[in-house]
Amino acid sequence: MSFVHELAAFERAPDAVVSTEALMHAALFGAQPAAEALIAEVDGVRVGMAVFYHTFSTWTGRRGIWLDDLYITPAARGAGAGSALLRHLAGVAVERGCARFEWWVLDWNTPAVELYRRIGAEAMDAWTVQRLSGTALTGLAER
């Protein structure tokens, strides 16, 4: 959870986290896990995480991997931990027969965008994110 809070602060939304350790434990280790997580370590010290889950594409007829969060502590950035997590997740996607490996990135996070371009990721600029949450979500469900 400390990485989750650090990431929220980095993304300029420190008060947006409502998750708890109990919720995360259930999501990662419960009877029907909703996500998986990887922890990056350097010399035995935890320096980052990647949280991911499966998606599905009707166009490919196959699963994909969605990287929900990738976070590396400021002191460890630039040392290769983020690249190692991405490389590992690409291997997981290939091993599981996934057609895609996708994620979002904030447009102002220039170092991350540059890393993603170096590894061959392409921006999906024609697509915009749509979200229902809070009263909009419950309101639609009640119609």
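The structure under discussion appears in the preceding block.
As a starting point, this report considers the structure included with it.

Calculation criteria
- Residues numbered from 1 in each chain as written.
- Predicted model: local features only at pLDDT ≥ 70, side-chain atom pairs only at ≥ 80, totals over all residues.
- Heavy atoms only, no water.
- Phe/Tyr/Trp six-rings, centres within 6.5 Å; stacked < 30°, edge-to-face > 60°.
- Helix = DSSP H or I, 4+ residues; strand = E, 2+ residues; numbered from the N terminus.
- Buried < 20%, exposed > 50% of the residue type's maximum accessible area, 1.4 Å probe, protein only.
- Lys NZ or Arg CZ within 6 Å of the ring centre and 35° of its normal.
- Salt bridge = Lys/Arg side-chain N within 4 Å of Asp/Glu carboxyl O.
- Pairing = 2+ DSSP bridges.
- Core = buried A, V, L, I, M, F, W, Y, C linked by side-chain atoms within 4.5 Å.
- Contact = heavy atoms within 4.5 Å.

So, the packing of aromatic side chains
Part 1: Tallying each qualifying case throughout the model produces 5 aromatic pairs.
Part 2: Consider the rings of Trp66 and Trp104, whose centres lie 5.6 Å apart with planes at 80 degrees: the pair is edge-to-face. Taken together, the residues Trp66 in strand 3 (residues 62-72) and Trp104 in the loop between strand 4 (100-103) and helix 4 (110-118) connect sequence positions 38 residues apart.
Part 3: Between Trp103 and Tyr116 the ring centres are 5.0 Å apart and the planes differ by 65 degrees, which places this aromatic pair in the edge-to-face class. Taken together, the positions of Trp103 in strand 4 and Tyr116 in helix 4 put the pair 13 residues apart, joining distant regions of the chain. Comparing Trp103 with Tyr116 shows no difference in burial state: the two are buried.
Part 4: Members of the aromatic cluster, connected to one another through ring pairs, are Phe101, Trp103 and Tyr116.
Part 5: The ring centre of Trp108 lies 3.7 Å from the NZ or CZ of Arg12, which sits over that ring.

Observations concerning the pattern of salt bridges
Part 1: In total, this model carries 2 salt bridges according to the counting rule given.
Part 2: With a shortest N-O distance of 2.7 Å, Glu36 and Arg96 are connected by a salt bridge. Within this pair, whereas Glu36 is found in strand 1 (residues 36-42), its partner Arg96 is found in the loop between helix 3 (81-95) and strand 4, the two being separated by 60 residues in sequence.
Part 3: Salt-bridge contacts for Glu41 lead to Arg46; the nearest nitrogen and oxygen are separated by 4.0 Å.

Here we look at the pairing of strand 2 (residues 45-57)
Part 1: Across 7 bridges, strand 1 lies against strand 2 in antiparallel orientation. Its bridge partner being in strand 2, Glu41 is matched across the sheet by Arg46.
Part 2: Between the antiparallel neighbours strand 1 and strand 2 lie 2 residues, among them Asp43 with a positive phi of about 55 degrees.
Part 3: Bridging between strand 2 and strand 3 involves 10 bridges; their strand directions are antiparallel. Of the residues in strand 3, the one forming a bridge with Val51 is Asp69.

Points about the nonpolar core
Part 1: Membership of the largest hydrophobic core comes to 22 residues, with the highest contact counts inside it found for Ala50, Leu67, Leu70, Leu85 and Tyr116.
Part 2: For this core, the element with the highest residue contribution is helix 3, accounting for 6 residues.
Part 3: Contact partners of Leu70, with chain neighbours within four places excluded, come to Leu7, Met49, Ala50, Leu85, Leu86 and Tyr116.
Part 4: Among the nonpolar cores identified, the runner-up in size contains 8 residues, and Phe3, Val4, Val51 and Tyr71 belong to it.

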